[in-house]
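Descriptive analysis of the structure
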Amino acid sequence: MRLENKTAIITGAGRGIGLAGAQAFAREGARVVIAEIDEELGRAAEAKIQTNGGEAAFVQTDCSDSGSVQALMARTHELYGALHVLYNNASVFLNKIDGPVTELAEETWAKVLAVNLDSIFLCCKYGIPLMVESGGGVIINTGSSASVMGIPGCDAYTATKGATVSLTRSMAVEYGKQGIRVNCICPAGIATEMVKASSIDDPDFDADFFFQRAPLGRLGTPEEIANLAVFLASDESSYINGAILRADGGTTVTPIS
Ligand SMILES: NC(=O)c1ccc[n+]([C@@H]2O[C@H](COP(=O)([O-])OP(=O)(O)OC[C@H]3O[C@@H](n4cnc5c(N)ncnc54)[C@H](O)[C@@H]3O)[C@@H](O)[C@H]2O)c1
């Protein structure tokens, strides 16, 4: 039980990497708040965890909206009286709608920045006071391969993922003194609905090229990211602060041949 007596909020925990994280956190003894915009996904995630004996509460949240995030923090305080782990996982990747800046609609830019970046600002702004009150804690942000390399055709998404890494570093310096560690996981090629929609289901996706490039020759699983998130959330990583951890099977360090 590596997260016993910890309260954790995970944004976008209704499916994919966030859901695997919520299940893993609950297995390790955490009380998990599922901050998900989609009611059906959120309720199903809550039920799955509770059926397996875990402690979870779905709080329907649009993490790009200030009022919704403030209500999430108030509800977390009301339910559990503390916050120890904030896992900023929710994002959108708008395949074929996002694009190169010259072709990008201003509304798309605004939408992607709101969900992927404003959400981190808002959850931290309104979550950190509760975390400080709880004696300190851990923030896990979510980057991407797009945080560490140039990926064409999705400039709004890549801008948010680059900013997430920079924000992680500055927050690690700022809040370390208050007992809060801030780290970032950069996944790539994880088998979820997002990756299906952005690549695997896309007729233009060159699977041969991707798998040649991926040193492990396969996609990753959401559980493989959840294992890293549990480590970062637990006291086992007590001296890790400001780290940007690639979890991509080595895909982003492989030269193109
Ligand atoms: N899957 C990958 O290969 C991959 C690669 C790089 C980065 N990532 C990052 O990992 C994270 C999780 O990705 P995933 O593949 O599990 O995505 P996903 O699309 O499968 O799941 C995202 C979840 O976030 C929720 N969500 C969307 N907008 C929200 C909002 N405004 N408020 C609250 N919840 C909201 C969705 O309903 C969904 O349940 C994202 O930050 C993503 O950018 C994933």
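Since the structure is predicted, the reported quantities are computational estimates derived from the model, not experimental observations.

**Quick notes on helix H1 (residues 16-27)**
- For H1, built from 12 residues, the straight-helix expectation of 16 Å at 1.5 Å per residue is met to within 8% by its first-to-last C-alpha distance of 17 Å.
- Most of H1 is tucked away: 9 of the 12 residues are buried.
- Among all positions in H1, only Ile17, Gly18, Leu19, Ala20, Gly21, Ala22, Ala24, Phe25 and Ala26 are buried.
- Trailing H1 by a residue or two, Gly29 shows a phi angle of about 100 degrees, which is positive.

**Overview of the site of the ligand**
- Neighbouring residues of the ligand: 28 residues in total, closest Glu36, Asn89, Tyr157, Ile190 and Thr192.
- Between the ligand and the protein, one listed contact pairs a nitrogen atom with a backbone N or O atom of Thr61 at 3.3 Å.
- Separating a nitrogen atom of the ligand from a backbone N or O atom of Cys63 is a distance of 3.1 Å.
- Alone, the ligand offers 830 Å² of accessible surface; in the complex the protein occludes 94% of this.
- Mapped onto the shell around the ligand, the elements with two or more residues apiece are H1, strand S2 (31-36), helix H5 (155-175) and helix H6 (193-200).
- In terms of residue count, H6 provides more of the shell around the ligand than any other element does, 3 residues in total.
- Along the lines of polarity and charge, the residues of the shell around the ligand split into 13 nonpolar, 10 polar and 5 charged.

**Topic: the environment of Ala74**
- Examined against the element boundaries, Ala74 turns out to sit in helix H3 (residues 66-80).
- Taking C-alpha positions, Ala74 is 9.2 Å from Tyr126, a pair spaced 52 residues apart along the chain.

About the thresholds
- Residues numbered from 1 in each chain as written.
- Predicted model: local features only at pLDDT ≥ 70, side-chain atom pairs only at ≥ 80, totals over all residues.
- Heavy atoms only, no water.
- Helix = DSSP H or I, 4+ residues; strand = E, 2+ residues; numbered from the N terminus.
- Expected span 1.5 Å × (residues − 1).
- Buried < 20%, exposed > 50% of the residue type's maximum accessible area, 1.4 Å probe, protein only.
- Near = heavy atom within 4 Å.
- Polar contact = N/O pair within 3.5 Å; in protein donor to acceptor, adjacent residues only side chain to side chain.
- Areas by Shrake-Rupley, 256 points an atom, 1.4 Å probe, with all protein chains shown as cover.
- Nonpolar A, V, L, I, M, F, W, Y, C, P; charged D, E, K, R; others polar.

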